[in-house]
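# Residue-level structure breakdown
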Amino acid sequence: MSHRQPIQRVEDYTDAFLTTLGVLLFMVFWMIAAALGYVWVVIAAYGLDLSFKWIGHLRDD
């Protein structure tokens, strides 16, 4: 005779997992957009700086 209790049903954490995954993906995508946005701002600023220097050099001649 076994003294073990029968196996019972476990709680379903699927909704909690999917909600947490959605929040994490949202934060990751915003972080990627912010990081790549910063890189594009630096590239655009450097390009504008070179353009203004080139225009200034043409005016000096």
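Here we summarise the structure given alongside this text.

So, how was this worked out
Residues numbered from 1 in each chain as written. Predicted model: local features only at pLDDT ≥ 70, side-chain atom pairs only at ≥ 80, totals over all residues. Heavy atoms only, no water. Helix = DSSP H or I, 4+ residues; strand = E, 2+ residues; numbered from the N terminus. Rg over C-alpha atoms; globule rule 2.2 N^0.38 Å. Buried < 20%, exposed > 50% of the residue type's maximum accessible area, 1.4 Å probe, protein only. Salt bridge = Lys/Arg side-chain N within 4 Å of Asp/Glu carboxyl O.

### What about the overall build of the chain?
Scanning the chain from N- to C-terminus turns up 1 helix and 0 strands. Expected size for 61 residues packed as a compact globule is a radius of gyration near 10 Å; at 29 Å, the chain overshoots this value by more than 25%. Projected onto the principal axes, the alpha-carbon positions of the chain cover approximately 105 × 20 × 5 Å. Out of the 61 residues belonging to the chain, those deemed buried represent 0%.

### A short note on the pattern of salt bridges
Opposite charge on two side chains makes pairing possible when the charged atoms of those side chains draw close. Under the counting rule described, the total for this entry stands at 1 salt bridge. Note that Lys53 and Asp49 form a salt bridge whose closest N and O atoms lie 3.5 Å from each other. One end of the pair, Lys53, and the other, Asp49, are both in helix H1 (residues 14-60), 4 residues apart, so they sit about a helical turn from each other. When its relative accessible area of 54% is taken as the criterion, Lys53 is described as exposed. Overall, Asp49 belongs to the partly exposed group, its relative accessible area being 34%.

### Focus on the environment of Gly56
Of note, Gly56 is situated in helix H1. Judged by its relative accessible area of 28%, Gly56 falls in the partly exposed class. Through-space distance from the C-alpha of Gly56 to that of Tyr13 is 64 Å; in sequence the pair is 43 residues apart.

In short, geometric facts, not functional conclusions.
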